[in-house]
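# Commentary on secondary and tertiary structure
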Amino acid sequence: ISAHLTVDPHFRIGAIDRRLFGGFVEHLGRHVYDGIYEPGHPSADADGFRQDVVALVKELGVSTIRYPGGNFVSGFRWEDSVGPRAERPRRLDLAWHSTETNEVGLHEFQTWLEQVGSELMLAVNLGTRGVAEALDLLEYTNIRGGTALSESRRANGRDLPFDVRMWCLGNEMDGPWQLGHRSADDYGKLATQTAKAMRQLDPELQLVVCGSSSRAMPTFGEWERVVLTHAYDDVDYISCHAYYEEKAGDRASFLASGVDMDRFIEEVVATADHVKAVRGSDKTIDISFDEWNVWYIERYHGVDKVTGIDNWPIAPRILEDHYSVLDAVVFGSLMISLLKHADRVTSASLAQLVNVIAPIMTEPGGPAWRQTTFFPFATTSRLARGAALQLKLEAPLYDTAQYGAVPVVDSVATHDDASGASAVFLVNRSQDESVTMTVDLATLGAVRLVAAETLSDDELDVANTLDDPERVALHPNTSARIVDGVLTVELPPVSWTAIELA
Ligand code: AHR
């Protein structure tokens with residue numbers, strides 16, 4: 001089968017914010033402990049941070065990193081995580097039924113962020129706490145000195161403020177599983193009060209109010225409307241969270257997960273703009289898609305979940321999904337979906353980064369390696385610069401049980417005026433047919449093919465594991481060529497491809 005695209009740098013969707021390539025580190029399972037932090041590991045530095053992991057996080061190319069949760073944050077007391085380590089309390093983490101030692105806290109995490117070159121995005125606890133504690137944390141992080149909490153930060157070893165710009169007002173407050181779960185009305189009021197108070201302290205903050213924890217939530221749509229009706233003037237972003245998995249062998253729908261993400265984004269944009277219209281506001285709310293990934297949640301509930309009144313392990317092996325080639329192709333298509341909405345999705349966080357539903361895995365005392373999903377993230381983060389372009393795509397449709405008829409191919413292109421570089425990202429969702437793709441590049445002028453790389457495999461279930469950490473990688477797509485301003489490339493069945501042009 002064949003498909004056709006026209007790329008034109010004049011038709012821009014929007015500038016690509018680097019925050020679109022953000023990550024997420026939650027105190028969860030082996031993410032922090034035995035993940036990024038493992039004193040005694042041969043590659044650990046004096047602070048206990050594994051330098052093999054630092055190198056992989058840098059290679060991945062993550063911008064802002066959301067911290068410290070996730071569900072964890074809704075029971076978190078930030079004061080526990082600062083000050084002399086020997087005096088930090090061990091606490092129950094009710095979200096993941098674990099013990100939090102607080103050995104790594106705000107200061108240590110900031111040290112690690114400086115090593116990987118990423119920016120801190122903090123979440124405040126609006127589950128078991130409220131306005132006062134959010135203000136305390138903000139005073140601790142952003143006030144130069146001369147007050148109790150800012151001086152406490154200085155005494156704890158950080159003279160200058162953390163100066164955190166971006167803040168999440170709680171996490172997934174629409175979810176019944178969330179500590180302190182609230183109705184949209186109650187959360188909308190609390191989020192607004194917290195936002196106003198935080199901005200009274202630091203007017204330049206960028207604030208994210210919680211949207212729905214998935215498009216499938218029964219309150220989706222109405223939650224956004226009610227919350228934004230309260231918070232519209234006081235926040236900059238509304239969050240989206242989405243996780244995808246293959247359910248009941250329905251591979252055709254799983255491959256079309258990007259269609260669900262497209263619809264989710266467009267529905268949240270429509271709802272935010274509805275509130276804008278009702279208020280007669282000039283301001284536009286953007287989306288912070290601050291949790292997205294492939295996640296086998298059914299497996300977590302069936303196998304991983306820790307329970308028992310006497311069982312609160314430290315850093316248990318939970319949510320350690322091993323991603324297949326199939327998963328990575330879907331993952332790549334989710335990045336295409338985010339880029340296609342670069343005008344309104346101006347921040348996103350891959351959930352998560354190390355060991356826990358992560359592109360990077362580690363073994364205590366052993367190696368760190370790249371999961372299959374590492375490749376589409378790293379490549380997209382490296383190549384997608386400048387602006388995302390509106391494409392004219394002509395592709396056949398296929399039927400899915402979940403989303404009806406959807407295009408076999410999805411794609412986005414990017415163009416950077418400054419360097420003249422362009423990139424095209426393509427996914428072939430067909431399970432049995434390759435696609436001969438032609439891309440009209442005439443309006444880009446004389447372009448050169450720098451590289452074409454494809455992720456595909458005859459065995460869709462293979463993954464990179466401790467025993468075989470390099471089984472899956474990107475491969476040069478030798479079919480790609482440009483003749484008379486038209487790029488032709490063969491897209492194998494179930495594949496993700498990146499084309500780099502200069
Ligand atoms: O990323 C794992 C969990 O997924 C997060 O803690 C929560 O916010 C979401 O439900």
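Source: prediction; values computed, not measured.

Rules used throughout
- Residues numbered from 1 in each chain as written.
- Predicted model: local features only at pLDDT ≥ 70, side-chain atom pairs only at ≥ 80, totals over all residues.
- Heavy atoms only, no water.
- Helix = DSSP H or I, 4+ residues; strand = E, 2+ residues; numbered from the N terminus.
- Contact = heavy atoms within 4.5 Å.
- Near = heavy atom within 4 Å.
- Polar contact = N/O pair within 3.5 Å; in protein donor to acceptor, adjacent residues only side chain to side chain.
- Areas by Shrake-Rupley, 256 points an atom, 1.4 Å probe, with all protein chains shown as cover.
- Nonpolar A, V, L, I, M, F, W, Y, C, P; charged D, E, K, R; others polar.
- Pairing = 2+ DSSP bridges.
- Axes fitted to C-alpha atoms, helices over the stretch in contact; angles between N-to-C directions.
- Phe/Tyr/Trp six-rings, centres within 6.5 Å; stacked < 30°, edge-to-face > 60°.
- Buried < 20%, exposed > 50% of the residue type's maximum accessible area, 1.4 Å probe, protein only.
- Lys NZ or Arg CZ within 6 Å of the ring centre and 35° of its normal.
- Parallel < 35°, antiparallel > 145°, perpendicular 65-115°, else oblique.
- Left-handed = near helix turned anticlockwise from the far one by under 90°.
- Salt bridge = Lys/Arg side-chain N within 4 Å of Asp/Glu carboxyl O.

## Description of the side chain of Thr414
Mapped onto the elements of the fold, Thr414 is located in strand S19 (residues 409-415). For Thr414, the residues in contact, after removing those within four places along its chain, are Ile16, Leu383, Ala384, Arg385, Ala387, Ala388, Leu389, Ala421, Ser422, Ala423 and Phe425.

## Some points on the site of the ligand
Contacts to the ligand come from Phe24, Glu26, Gly70, Asn71, Trp96, Asn171, Glu172, Tyr243, Glu291, Trp295, Gln352 and Ile357. With respect to the ligand, the side chain of Tyr243 contributes an N or O atom lying 2.8 Å from an oxygen atom. Protein contacts shield 96% of the accessible area of the ligand, which totals 280 Å² for the unbound molecule. Partitioned by chemical class, the residues of the shell around the ligand number five nonpolar, four polar and three charged.

## Let's talk about the sheet that holds strand S24 (residues 481-483)
One open sheet holds the five strands; their spatial order is S16-S1-S21-S25-S24, and the pairing between them is mixed. On the outer flanks of this sheet lie strand S16 (392-394) and S24, each paired with one strand and no other. The mean angle between the axes of side-by-side strands here comes to 20°, regardless of whether they run parallel or antiparallel. Bridge analysis of strand S1 (residues 2-6) against S16 gives three bridges, and the strand direction is antiparallel. Bridging from a neighbouring strand, His4 pairs with Glu394 of S16.

## With respect to the packing of aromatic side chains
This model, assessed by the stated rule, comprises 17 aromatic pairs. Centre to centre, the rings of Tyr67 and Phe109 are 3.8 Å apart; their planes meet at 5°, and the pair counts as stacked. On the criterion of sequence distance, the pair formed by Tyr67 in strand S4 (residues 64-67) and Phe109 in helix H2 (residues 106-116) is long-range, its members being 42 residues apart. Both residues of the pair, Tyr67 and Phe109, count as buried. Pairwise contacts between aromatic rings join Trp96, Tyr243, Trp295 and Tyr300 into one cluster. A cation over an aromatic ring shows up here: Arg66 above the ring of Phe24, its NZ or CZ 4.6 Å from the ring centre. We note Arg370 situated over the ring of Phe374; from NZ or CZ to the ring centre the distance is 5.6 Å.

## Regarding the pairing of strand S7 (residues 119-124)
Of all six residues in S7, five are buried, a share of seventy percent or more. Here four bridges tie S4 to S7, and the two strands are oriented parallel to one another. By the bridge assignment, Tyr67 is partnered in S7 with Leu122. Two strands pair when backbone bridges link them, and S7 and strand S8 (residues 166-169) are joined in this way by four bridges, in the parallel orientation. Counterpart to Leu122 in the pairing with S8 is Trp167.

## Focus on the packing of helix H3 (residues 131-142) against helix H4 (residues 148-155)
Between H3 and H4, whose axes approach to 7 Å, the crossing angle comes to 50°. The orientation of H3 with respect to H4, classified from their angle, is oblique. You can see that H3 and H4 cross each other, and the crossing is right-handed. The residues of H4 that touch H3, namely those facing Asp136, Glu139, Tyr140 and Thr141, are Ala148, Leu149, Ser150, Ser152 and Arg153. Partitioning the contact of H3 with H4 into residue classes produces three nonpolar, three polar and three charged.

## Some thoughts on the pattern of salt bridges
A full pass over the atoms with the stated rule returns 39 salt bridges. A salt bridge links Glu363 to Arg317, with the shortest nitrogen-to-oxygen separation between them at 2.9 Å. Separated by 46 residues along the polypeptide, Glu363 in the loop between strand S13 (360-362) and strand S14 (368-370) and Arg317 in the loop between helix H9 (297-304) and helix H10 (325-340) bring together distant segments of the chain. Among the charged side chains, a network of salt bridges with common partners joins Arg30, Arg317, Glu320 and Glu363.

## Focus: the pairing of S19
Taken across its seven residues, S19 has seven buried, putting it largely inside the fold. Summarising the sheet, strand S15 (residues 387-389) and S19 pair through three bridges and their orientation is antiparallel. Within S19, the residue paired with Ala388 across the bridge is Thr414. The antiparallel hairpin formed by S19 and strand S20 (residues 422-428) contains six residues in its connecting segment, where Gly420 sits at a positive phi of about 80°.

## Digging into unusual backbone geometry
Looking along the chain, the bond that leaves Tyr67 and enters Pro68 is cis, with omega of 0°. By the secondary structure assignment, Pro68 is in the loop between S4 and strand S5 (91-93). Residue Gly70 is reached from Gly69 by a cis peptide bond, and omega for that bond is 20°. Note that Gly70 resides in the loop between S4 and S5.

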